[in-house]
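# Observations on chain architecture
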Amino acid sequence: SSAIVFLLIAFISIDVWGQDADEILRRGFELLEQGEYKEALVDLDEAVRLASDNERAWRHRGNARYGMKEYDRAIADYEESLRLKPDNAMIYNNIGHIHYLGKEYDLAVENYNEAIRLEPESPLAHTNRGLCFWRMGEHEQAIADFSELIRIQPDMEGGYGFRGEIYLELKEYG
């Protein structure tokens, strides 16, 4: 009886080909890195099924869905990832970017704010929030983000370029 229970537990944690969730997750991640989103999703679905408490499985599946432009489903996976590991600034940045693409700038800014709260020196989050503010016509806030980006990473051209474009738009040449 205990041998049957052991075999049942072993079967639940190992799929029929003898691969465990970590191996499947690793393979799914490799496919994801190669841009093979549909193929990655097959493995990542299985990794989530086998290890629903694995934050990386949810995050990588969200990334695959993001790559496939399945944005609502990507957000759902990212939110589950955050439930398991709430301090991941990159996930908030990814959710923010999905809202940015949908022109939901207020929601995007909320997520970028959380990314910056968790990782104040994030050039990506400051860039993305600055772009949102610019699209929203909040030029001073956009300039502040791009100035912060320049402070954080002075050799990155984007901050200077974006800030300069806003000054040109405002006809502030001085």
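Now for a quick tour of the structure. For clarity, every value in this text was computed on a predicted model and none was experimentally measured.

What follows covers the overall build of the protein chain. Assigned secondary structure in the protein chain consists of 10 helices and 0 strands. Starting at the N terminus, the α and β elements of the protein chain follow one another as α-α-α-α-α-α-α-α-α-α. Here the protein chain, with 174 residues, has 41% of them falling under the buried criterion. For the protein chain, long-range pairs separated by at least 24 residues make up 44% of all intrachain contacts whose partners lie at least 6 apart in sequence.

Take unusual backbone geometry next. The phi torsion at lysine 69 lies on the positive side, around 65°, for a residue other than glycine. Assignment of secondary structure puts lysine 69 in the loop between α4 (55-67) and α5 (71-84).

Along the chain, the position of glutamate 33 falls in helix α2 (residues 21-33). Residue classification places glutamate 33 among the exposed residues on the basis of a relative accessible area of 58%. In sequence terms glutamate 33 and alanine 64 are 31 residues apart; their C-alpha atoms lie 9.3 Å from each other.

Our next topic: the nonpolar core. Within the largest apolar cluster, 15 residues are counted, with the highest numbers of intra-cluster contacts made by Leu25, Ala40, Leu44, Ala47, Ala57 and Ala64. Residue assignment for this core shows that the elements contributing at least two residues are α2, α3 (37-50) and α4. By residue number, the principal contributor to this core is α3, which donates 6 residues. With near-sequence residues (within four places) excluded, leucine 44 lies in contact with Leu25, Gly28, Phe29, His60, Arg61 and Ala64. Counting residues in each nonpolar core, the second largest holds 14 residues, with Tyr100, Tyr112, Ala142 and Leu149 among its members.

Let us look at α4. In this model α4 runs 18 Å from its N-terminal to its C-terminal C-alpha over 13 residues, within 8% of the 18 Å that 1.5 Å per residue would give. Within the sequence span of α4, burial applies to Glu55, Ala57, Trp58, Arg59, His60, Arg61, Gly62, Ala64 and Arg65. Buried residues along α4 sit against α2, α3, α5 and α6 (89-101). Among the residues of α4, the N-terminal cap falls to asparagine 54, whose side-chain oxygen and the backbone nitrogen of arginine 56 are separated by 2.9 Å. Just downstream of α4 lies lysine 69, where phi reads positive at about 65°.

Any two packed helices are characterised by the angle at which their axes cross and by the distance between the axes. At their nearest, the axes of helix α8 (residues 123-135) and helix α10 (residues 157-169) sit 11 Å apart, and the two run at 15° to each other. Considering their axes alone, α8 and α10 lie roughly parallel with respect to each other. The two elements α8 and α10 meet at a crossing, and its hand is left-handed. The segment α8 lies against α10, with Thr127, Leu131 and Trp134 engaging Phe162, Glu165, Ile166 and Glu169. A per-class count over the contact of α8 with α10 returns 4 nonpolar, 1 polar and 2 charged.

Contact pair α2 / α3: the axes reach a minimum separation of 8 Å and the direction vectors enclose 155°. By the criterion of interaxial angle, the relationship of α2 to α3 is roughly antiparallel. With respect to the hand of their crossing, α2 and α3 are arranged in left-handed fashion. Residues Ala21, Ile24, Leu25, Arg27, Gly28, Phe29, Leu31 and Leu32 of α2 lie in contact with α3, whose contacting residues are Tyr37, Glu39, Ala40, Asp43, Leu44, Glu46, Ala47 and Leu50.

Between the first and last C-alpha of α10 there are 18 Å, a value that for 13 residues agrees with the 18 Å anticipated at 1.5 Å per step. Just downstream of α10, lysine 171 is the residue with a positive phi angle, here 60°.

So, how was this worked out
Residues numbered from 1 in each chain as written. Predicted model: local features only at pLDDT ≥ 70, side-chain atom pairs only at ≥ 80, totals over all residues. Heavy atoms only, no water. Helix = DSSP H or I, 4+ residues; strand = E, 2+ residues; numbered from the N terminus. Buried < 20%, exposed > 50% of the residue type's maximum accessible area, 1.4 Å probe, protein only. Contact = heavy atoms within 4.5 Å. Core = buried A, V, L, I, M, F, W, Y, C linked by side-chain atoms within 4.5 Å. Expected span 1.5 Å × (residues − 1). Polar contact = N/O pair within 3.5 Å; in protein donor to acceptor, adjacent residues only side chain to side chain. Axes fitted to C-alpha atoms, helices over the stretch in contact; angles between N-to-C directions. Parallel < 35°, antiparallel > 145°, perpendicular 65-115°, else oblique. Left-handed = near helix turned anticlockwise from the far one by under 90°. Nonpolar A, V, L, I, M, F, W, Y, C, P; charged D, E, K, R; others polar.

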